[in-house]
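Spelled out, the chains give:
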Amino acid sequence: MTTMTEASVREFKMPDVGEGLTEAEILKWYVQPGDTVTDGQVVCEVETAKAAVELPIPYDGVVRELHFPEGTTVDVGTAIIAVDLAGGAAPAAEAPAAQPEPAQEEPKPEGSGRQPVLVGYGVAQTSTKRRPRKGAGVPHQEPSTPAQALQSELNGHGPAPAVTSDRPLAKPPVRKLAKDLGVDLATVTPTGPDGIITREDVHAAVAPSAPAAEPVPQAVPAAPAPMAAATYDTARETRIPVKGVRKATAAAMVGSAFTAPHVTEFVTVDVTRTMKLVEELKQDKEFAGLRVNPLLLISKALLVAIKRNPEVNASWDEANQEIVQKHYVNLGIAAATPRGLIVPNIKDAHARTLPQLAQALGELVSTARDGKTTPAAMQGGTVTITNVGVFGVDTGTPILNPGESAILAVGAIKLQPWVHKGKVKPRQVTTLALSFDHRLVDGELGSKVLADVAAILEQPKRLITWA
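Residues numbered from 1 in each chain as written. Predicted model: local features only at pLDDT ≥ 70, side-chain atom pairs only at ≥ 80, totals over all residues. Heavy atoms only, no water.

Examining the overall build of the protein
Part 1: Counting its secondary structure elements, the protein contains nine helices and 24 strands.
Part 2: Out of the 467 residues in the protein, the part that is buried amounts to 37%.
Part 3: As presented, the protein carries roughly 26500 Å² of accessible surface, and 56% of it is formed by carbon and sulfur atoms. (Helix = DSSP H or I, 4+ residues; strand = E, 2+ residues; numbered from the N terminus. Buried < 20%, exposed > 50% of the residue type's maximum accessible area, 1.4 Å probe, protein only. Areas by Shrake-Rupley, 256 points an atom, 1.4 Å probe, with all protein chains shown as cover.)

Shown next, in the form of structure tokens:
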């Protein structure tokens, strides 16, 4: 995304590297003013609410200025770097912004297909447009079609035309607060950046609705002295800005916890036979070079349980008041990374063999640890597994990943006294916890899924008989 400020200078804007993301933090600059850049060269790394992404420059030139230092959070659409075209001709047909008469545009040939963009291969002419920000009232030339408007922006011919919208700008938690308090967001005056309505705005809109007391003539009291700003002992406290993955995770968890009614069920199971099978698979030539661990068989057990109870693999469509049954399983694996918790998923996990599933799990974990997980890898999940047992924890009450129906928590596998064949013996035991969305999954269905997973882990031969 670029704009022209001079005949030979282009301003490169922060692109939307996810789907509808509004901001990104500049983690690292790979170039400095005076450096020569070429088309496709990576100039910086940014972190969105979903992942860290490297941004390539779409043309040749010389860096004139970096508009923001590392560590700055920048809104999508804001210019971040100025590049002087290295002897290249400026794009033709540049229409002045203040020209009263509409400039004649070259018609775009039909069927031209996808156009090159910064991240990914391209966008189709029917690409979804991101909602415009309020306050963008700069006069501009109106392109004749939405496709021309998008391409005009991509080619650096000035900003795309703003599209007016009657829908107020507010984040989901704020919308829920307004709904709970009976406040119409259209009547609220926004004070947040870019015209976004904040929680304080909603509360302020509620205050005037209270019945006012009869006015009594009286002297106006003196305004109270302003309170001194709160101070903190920096030697005893450390304050960390909430941004990036941590900010997105917090918003997602709050939204999930207060949107989907959670139910969590538990079962303790003897997994001794599963652990023996893990050791046997490590020696199998089909798994040579692959990581085989209990998570592999637990994942397969959950996939088989979903196949036996397909109604659990669904999502809730609030807008259309529909339950969407998924005929595929994108299996999410919660992963702790230096940037925070992320949940990448294995696409079409239900169709993979056990060796293929082992390979996908290994790639998912290594990519997450390296911080290279892409936004696409974290979208479209249907169910998730979180392995809290690696921290020595027995179990937990996991919160659903937004848009998913169930999440399975796996506790630590420990040697415990267990009644086996009528005698108390030391056996390897773990506790499973299944949280599910009670709008989609009733107690019977959730219990069947959890019981099936436990039964498979107790007798792993059921992977064959039930699959």
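Focus: the environment of glycine 381
Part 1: For glycine 381, the location among the structural elements is in the loop between helix 7 (354-369) and strand 21 (383-387).
Part 2: Taking the C-alpha atoms as reference points, glycine 381 and glycine 403, 22 residues apart in sequence, are found 7.9 Å from one another.
Part 3: Among residues more than four places away in sequence, those in contact with glycine 381 are Asn330, Asn345 and Glu404. (Contact = heavy atoms within 4.5 Å.)

Observations concerning the packing of helix 6 (residues 294-308) against helix 7
Part 1: Between helix 6 and helix 7, the shortest axis-to-axis distance is 10 Å and the interhelical angle comes to 120°. As judged from the angle between their axes, helix 6 and helix 7 are oblique. In this structure, the crossing between helix 6 and helix 7 has a hand that is right-handed. Side by side, helix 6 and helix 7 meet where Leu295, Leu296, Leu297, Ser299, Lys300 and Leu303 of the first sit next to Leu354, Leu357, Ala358 and Leu361 of the second. (Axes fitted to C-alpha atoms, helices over the stretch in contact; angles between N-to-C directions. Parallel < 35°, antiparallel > 145°, perpendicular 65-115°, else oblique. Left-handed = near helix turned anticlockwise from the far one by under 90°.)

Focus on unusual backbone geometry
Part 1: Positive phi, normally seen in glycine, also occurs at glutamine 321, with a value near 50°.
Part 2: Relative to the helices and strands, glutamine 321 resides in the loop between strand 15 (314-317) and strand 16 (322-325).
Part 3: According to the relative accessible area criterion, glutamine 321 is exposed, its value standing at 52%.
Part 4: At lysine 421, a residue that is not glycine, the phi angle is positive and equals roughly 55°.
Part 5: Here lysine 421 is to be found in the loop between strand 23 (414-420) and strand 24 (423-437).

Examining the pairing of strand 15
Part 1: Here strand 15 runs beside strand 16; their pairing, made up of four bridges, is antiparallel. Bridging across to strand 16, serine 315 finds its partner in valine 324.
Part 2: From the end of strand 15 to the start of strand 16, which pair antiparallel, there are four residues, and glutamine 321 there has a positive phi angle of about 50°. (Pairing = 2+ DSSP bridges.)

Topic: the pattern of salt bridges
Part 1: This structure, assessed with the given rule, holds eight salt bridges.
Part 2: Where glutamate 279 meets lysine 282, a salt bridge forms, and the shortest distance between an N and an O atom there is 3.5 Å. Of this pair, glutamate 279 and lysine 282 both sit in helix 5 (residues 272-282), three residues apart, which is roughly one turn of the helix.
Part 3: What makes glutamate 279 partly exposed here is its relative accessible area of 45%.
Part 4: With relative accessibility at 42%, the residue lysine 282 sits in the partly exposed group.
Part 5: Within the structure, one salt-bridge network assembled from shared partners comprises Glu318, Asp437 and Arg439. (Salt bridge = Lys/Arg side-chain N within 4 Å of Asp/Glu carboxyl O.)

Notes on the side chain of threonine 386
Part 1: Structurally, threonine 386 is set in strand 21.
Part 2: In this structure threonine 386 touches Ala334, Pro398, Ile407, Leu408, Ala409 and Val410, once residues within four positions along its chain are discounted.

Brief notes about the confidence of the model for the protein
Part 1: The pLDDT averaged across the protein works out to 79; a share of 73% of its residues lies at or above 70.
Part 2: Mean pLDDT across the elements of the protein bottoms out in strand 11 (residues 122-123) (41) and peaks in helix 6 (97).
Part 3: Across residues 87-165, where pLDDT falls below 50, the model places 95 contacts with residues more than four positions away in sequence or in other chains. (pLDDT = per-residue confidence, 0-100.)

Points about a positive patch on the surface
Part 1: A surface patch of like charges, here positive, comprises Lys276, Lys421, Lys423 and Lys425.
Part 2: Structurally, lysine 276 can be placed in helix 5.
Part 3: Residue classification places lysine 276 among the exposed residues on the basis of a relative accessible area of 52%. (Patch = residues over 30% accessible without salt bridge, like charges linked within 9 Å, V, L, I, M, F, W, Y side chains within 5 Å. Lys, Arg positive; Asp, Glu negative; His and termini not counted. Charge placed at Lys NZ, Arg CZ, Asp CG, Glu CD.)

Section: the pairing of strand 2 (residues 9-13)
Part 1: A large share of strand 2 lies buried, amounting to five of its five residues.
Part 2: Both faces of strand 2 are covered, namely the face carrying Val9, Glu11 and Lys13 and the face carrying Arg10 and Phe12.
Part 3: Where strand 2 and strand 9 (residues 79-84) come together, five bridges link them in antiparallel fashion. The residue bridging valine 9 from the neighbouring strand is aspartate 84, located in strand 9.

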